Amino acid sequence: NAGVTQTPKFQVLKTGQSMTLQCAQDMNHEYMSWYRQDPGMGLRLIHYSVGAGITDQGEVPNGYNVSRSTTEDFPLRLLSAAPSQTSVYFCASSYIAGGGDTQYFGPGTRLTVL
Amino acid sequence: KQEVTQIPAALSVPEGENLVLNCSFTDSAIYNLQWFRQDPGKGLTSLLLIQSSQREQTSGRLNASLDKSSGRSTLYIAASQPGDSATYLCATYGNKLVFGAGTILRVKS
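What counts, and where the lines are drawn
Residues numbered from 1 in each chain as written. Chains lettered and ligands numbered in written order. Predicted model: local features only at pLDDT ≥ 70, side-chain atom pairs only at ≥ 80, totals over all residues. Heavy atoms only, no water. Helix = DSSP H or I, 4+ residues; strand = E, 2+ residues; numbered from the N terminus. Rg over C-alpha atoms; globule rule 2.2 N^0.38 Å. Buried < 20%, exposed > 50% of the residue type's maximum accessible area, 1.4 Å probe, protein only. Contact = heavy atoms within 4.5 Å. Areas by Shrake-Rupley, 256 points an atom, 1.4 Å probe, with all protein chains shown as cover. Lys, Arg positive; Asp, Glu negative; His and termini not counted. Charge placed at Lys NZ, Arg CZ, Asp CG, Glu CD. Pairing = 2+ DSSP bridges. Axes fitted to C-alpha atoms, helices over the stretch in contact; angles between N-to-C directions. Core = buried A, V, L, I, M, F, W, Y, C linked by side-chain atoms within 4.5 Å. Buried area = accessible area lost by both parts, 1.4 Å probe. Salt bridge = Lys/Arg side-chain N within 4 Å of Asp/Glu carboxyl O. Nonpolar A, V, L, I, M, F, W, Y, C, P; charged D, E, K, R; others polar.

If you tally the helices and strands in chain A, you get zero helices and 11 strands. Each helix and strand of chain A, ordered N terminal to C terminal, gives the series β-β-β-β-β-β-β-β-β-β-β. The C-alpha radius of gyration computed for chain A amounts to 13 Å, which stays within 12% of the reference 13 Å derived for 114 residues, consistent with globular compactness. The C-alpha extent of chain A, read off along each of the three principal axes, is 35 × 30 × 25 Å. Each of the 114 residues in chain A was classed as buried or not, and the buried ones make up 48%. In chain A, 54% of the contacts between residues at least 6 apart in sequence involve partners at least 24 apart. Put simply, chain A shows about 5100 Å² of open surface, and 52% of that area lies on carbon and sulfur atoms. Here chain A carries 7 positive and 8 negative side-chain charges, and the mean point of each set is 15 Å from the other.

Here it is, written out as structure tokens:
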């Protein structure tokens, strides 16, 4: 049981490049979400999904796209990277939607945009 | 809009000391409050989840309390150890999870 996995662990992009952050879970959780963590701030919700084929925006969705074709995978796509997107990105999953249940977090992806 | 504040931002204590971390929130209409631990360069690990109908939860040396009326939660760590050194975050759940910025704890041996 690997839990929540994220790839890559580190990434450096140039402004304007696009890339996809991968997230997968093997716990059969319906709810998955993406957060970004910036120094001195709490985690902020980017996008979330309550099941395969269903996604919605969180607090800071601009510049990011998501899709959920399977229960296991929830990739986050940066369309045209900007320095303001330099951050640590965390994927999380749980049985119950939102925060009504224990959240399981991946190890994070540290992204730098030059 | 819910705001979650954690004080202090950083705390350094000698090994063996009992300590309290504080979390305050502005909107008491929450379903639960959760405490997480984050080690450097790692993801978050759930420690305790307190439902809105509960007053406290305990797990080993950790005890978390919730007072919705005053908008406060505390995480009590008994007999602290160097392995407890980490960042501790609290989060409230109303219609979404809202996180505090965390308290960085260092336990000195």
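Moving on: the sheet that holds strand 7 (residues 62-67) of chain B. Residue and element names in this part refer to chain B. Taken together, the five strands give an open sheet; going across it, the order is 1-3-8-7-6, and neighbouring strands pair in antiparallel fashion. Two strands close off the open sheet at either side, each with one partner strand: strand 1 (4-7) and strand 6 (56-59). On average, adjacent strands in this sheet sit at an angle of 15 degrees to one another, irrespective of strand direction. Alignment of strand 3 (residues 19-25) against strand 8 (residues 72-77), held across six bridges, turns out to be antiparallel. Bridge assignment links V20 to a residue of strand 8, and that residue is Y76.

Residue and element names in this part refer to chain B. A large share of strand 9 (residues 86-93) lies buried, amounting to eight of its eight residues. Residues A86, Y88, C90 and T92 line one face of strand 9 and the alternating positions T87, L89, A91 and Y93 line the opposite face, and both faces are buried. Note that strand 4 (residues 32-38) and strand 9 share seven bridges and pair antiparallel. Paired with Q34 across the two strands is A91, which belongs to strand 9. Pairing of strand 9 with strand 11 (residues 103-108), which is carried by three bridges, proceeds in the antiparallel orientation. Paired with Y88 across the bridge in strand 11 is T103.

Counting 22 residues, the largest nonpolar core has L33, W35, L75, I77, Y88 and L105 of chain B as the members making the most contacts within it. Here this core gets four residues from one element, more than from any other, and that element is strand 3 of chain B. Ignoring sequence-local partners within four residues, the contact set of Y88 of chain B consists of Q6, L21, F36, R37, L47, L75, I77, G102, T103 and L105 of chain B. L21, M32, V60 and V113 of chain A belong to the second largest nonpolar core, which has 20 residues in total.

Turning our eyes to something else, we now look at the interface of chain B and chain A. Every contact between the two is made by 19 residues of chain B and, on the other side, 18 residues of chain A. Taking both sides of the interface into account, the surface hidden between chain B and chain A amounts to around 1400 Å²; carbon and sulfur atoms contribute 56%. The three residues of chain B that bury the most area against chain A are L44, L97 and F99 of chain B, which together make up 31% of that side's buried surface. Our enumeration of links across chain B and chain A arrives at one salt bridge. As a salt-bridge pair, E59 of chain A and K96 of chain B come within 3.9 Å of each other at their nearest N and O atoms. Of all the elements in the fold, those that place two or more residues in the side of chain B that touches chain A are strand 4, strand 5 (44-51), strand 9 and strand 10 (97-99) of chain B. In the side of chain B that touches chain A, the residues fall into eight nonpolar, eight polar and three charged.

Our focus in this paragraph is the pattern of salt bridges. Residues and elements named next belong to chain A. A full pass over the atoms with the stated rule returns five salt bridges over all chains. Notably, a salt bridge pairs R36 with D38, separated by 3.0 Å at the nearest N-O pair. For R36, a relative accessible area of 8% gives the class buried. Beyond isolated ion pairs, a larger network of salt bridges with shared partners links R36, D38 and R44.

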